[in-house]
Amino acid sequence: MNSDNKYMQRCIELATKGRQNVKPNPMVGCVIVHNDVIIGESYHKKYGQPHAEVNAINSVKDKSLLKESTLYVNLEPCAHHGKTPPCSDLIIKEELKRVVVGCKDSFAKVAGKGIEKMRNAGIKVDVGILEKESLELNKAFFTFHQKQRPYIILKWAQTLDGYIDVIRKAEDPIGVNWITHPNLRLPVHKWRSEETAILVGAGTAKNDNPRLNTREWYGKNPLRILFAQKDKISKNWHLLDDNINTIVFTNKEIQDTESTTYINLDFQDNPIQQMLKILYNKDIQTIIVEGGQMMLQSFININIWDEARVLIGDKTFGTGLEAPKLPKRHSKNYRYSKDTIIHYLNEEN
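Definitions and cut-offs
- Residues numbered from 1 in each chain as written.
- Predicted model: local features only at pLDDT ≥ 70, side-chain atom pairs only at ≥ 80, totals over all residues.
- Heavy atoms only, no water.
- Pairing = 2+ DSSP bridges.
- Helix = DSSP H or I, 4+ residues; strand = E, 2+ residues; numbered from the N terminus.
- Axes fitted to C-alpha atoms, helices over the stretch in contact; angles between N-to-C directions.
- Contact = heavy atoms within 4.5 Å.
- Buried < 20%, exposed > 50% of the residue type's maximum accessible area, 1.4 Å probe, protein only.
- Polar contact = N/O pair within 3.5 Å; in protein donor to acceptor, adjacent residues only side chain to side chain.
- Salt bridge = Lys/Arg side-chain N within 4 Å of Asp/Glu carboxyl O.
- Core = buried A, V, L, I, M, F, W, Y, C linked by side-chain atoms within 4.5 Å.

1. What about the sheet that holds strand 1 (residues 29–34)?
An order of 2-1-3-4-5 is seen for the five strands of this open sheet, with the pairing classed as mixed. Edge strands, defined here as strands with exactly one partner in the open sheet, are strand 2 (37–43) and strand 5 (124–127). Here the average twist between neighbouring strands, direction ignored, is 15°. Where strand 1 and strand 3 (residues 70–75) come together, four bridges link them in antiparallel fashion. Looking across to strand 3, one finds that Cys 30 is bridged to Val 73. Each of strand 1, strand 2 and strand 3 touches helix 2 (residues 52–59); the most contacted strand, strand 2, lies at about 140° to it.

In structure tokens:
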């Protein structure tokens, strides 16, 4: 591995530390190198706070070395005033000798402007070092801005014989019909803590009465989203307990409560598309769709999804509610205890 790749890999490692706290901003890490020695490094730690480049420059003890140093960053430095001043301006002010960028920022307010500004100031700028890895790191951010919708992750558990649930009867108790081992709840709740929102339909809310929180993992709870027509909503559902910020997309006007917002949709006119447009305008960058079968299959049928995480338990039901059908080949799978996690990527949406 050459030195540029080595230091860019370090940027990516640092960037991931901000995964839970920087949305809707991208994950960014920054390393400053003088004579092949790292003299400063940091990452974007929290939305609204200083960016990675600012933190890294501030971490350098001897600022006189900056003029003879190279700054590595996995994403193009910003050129606009947002929550913080432009990072490209600070880099120019400190007279960095060279800047190495992993990938350009497709966000309209940046989109090459930071690179252009630094080059116009006489700084040597190289772009595209570990570009694939840099793009992969912030794929949700790029999807959000390029497609003007949240990045969508489908997730469900199914049995070895392809069922997502038993056929529920009116007299059956309400609650989750567990398919996978309890230990698998740890990564599932970790996934929840890393995304902006989590979505279920009325069937899942009724049958499982989920809380959709991160009680098995240290991390913030995602925004809860319920997609349900009014006549199917029950006030006894945990999703309506006002303990976590929740949005309910429904077909009737309902009064908001302390932590629950009701948004009216026309369920006869592409309601999923309506919902995604509203969520985009609310800066909801990522969504995990956790159920139920009809909700998941609806996203698959209109081909609006980016990843699918399918958890295969070691049980069989013999009969029941069939799991959603994906038309794509999976990209990888791995074992977790007695269960298997199959990961799909949709590269054709």
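And the narrative resumes.
2. Quick notes on unusual backbone geometry
Look at the link from Lys 23 to Pro 24: it is a cis peptide, with omega at 10°. Tracing the backbone shows Pro 24 in the loop between helix 1 (3–15) and strand 1. In this structure, Asn 209 is a non-glycine residue whose phi angle is positive, near 45°.

3. Quick look at the side chain of Asp 165
Considering the arrangement of structural elements, one finds Asp 165 in strand 7 (residues 163–165). What makes Asp 165 buried here is its relative accessible area of 9%. A polar contact is formed between the side chain of Asp 165 and the side chain of Arg 168, at a distance of 2.8 Å. Discounting residues that sit within four places of it in the chain, Asp 165 has contacts with Asn 177, Phe 317, Gly 320 and Leu 321.

4. A short note on the pattern of salt bridges
Taken as a whole, this structure holds 19 salt bridges when the rule is applied. For Lys 155, the salt bridge is made with Glu 290, and the minimal N-O distance between the two is 3.7 Å. Highlighted residues: Lys 155 in strand 6 (residues 151–158) and Glu 290 in strand 12 (residues 286–291), separated in sequence by 135 residues. With relative accessibility at 11%, the residue Lys 155 sits in the buried group. A cluster of three or more residues bridged by salt bridges with shared partners is formed by Asp 4, Arg 98, Lys 124 and Asp 126.

5. Digging into the nonpolar core
Membership of the largest hydrophobic core comes to 34 residues, with the highest contact counts inside it found for Leu 154, Trp 156, Phe 227, Phe 249, Met 275, Val 289 and Phe 299. Filtering out sequence-adjacent residues up to four positions away, Phe 249 remains in contact with Ile 225, Leu 226, Phe 227, Ala 228, Ile 263, Leu 265, Phe 267, Met 275, Ile 278 and Leu 279. Counting residues in each nonpolar core, the second largest holds 26 residues, with Val 28, Ala 52, Leu 96 and Val 99 among its members.

6. Some details on the environment of Asn 74
Mapping Asn 74 onto the fold places it in strand 3. Apart from the residues within four sequence positions on either side, Asn 74 is in contact with Met 8, Cys 11, Ile 12, Ala 15, Met 27, Val 28, Gly 29, Gly 102, Cys 103, Ser 134, Leu 137 and Asn 138. Within the local environment of Asn 74, its side chain forms a polar contact with the backbone nitrogen of Gly 29, the two atoms lying 2.7 Å apart.

7. Things to note about the sheet that holds strand 10 (residues 246–250)
Across a sheet, paired strands are connected by hydrogen bonds in the backbone, their directions being either parallel or antiparallel. Across the sheet, which stays open at both edges, the nine strands sit in the order 11-10-9-8-12-6-13-16-15 with mixed pairing between neighbours. Each end of this open sheet is capped by a strand with a single partner; those strands are strand 11 (260–264) and strand 15 (330–336). Going from strand to strand, the sheet's axes swing by 20° on average, the running direction of each strand aside. Taken together, the six bridges between strand 15 and strand 16 (residues 339–345) define a ladder with antiparallel strand orientation. Considered in strand 16, the bridge of Lys 332 is made with His 343. Across the sheet, helix 9 (residues 271–281) is in contact with strand 6, strand 8 (197–201), strand 9 (223–227), strand 10, strand 11 and strand 12; its angle to strand 9 comes to roughly 155°. Sheet contacts for helix 10 (residues 293–301): strand 6, strand 8, strand 9 and strand 12; angle to strand 6, the most-contacted strand, approximately 135°.

8. Side note on the side chain of Ser 69
Relative to the assigned elements, Ser 69 resides in the loop between helix 2 and strand 3. For Ser 69, a relative accessible area of 0% gives the class buried. A distance of 2.6 Å separates a polar atom in the side chain of Ser 69 from the backbone oxygen of Leu 65. Setting aside residues no more than four positions away along its own chain, Ser 69 makes contact with Ile 32, Val 33, His 34, Ile 39, Leu 96, Lys 97 and Arg 98.

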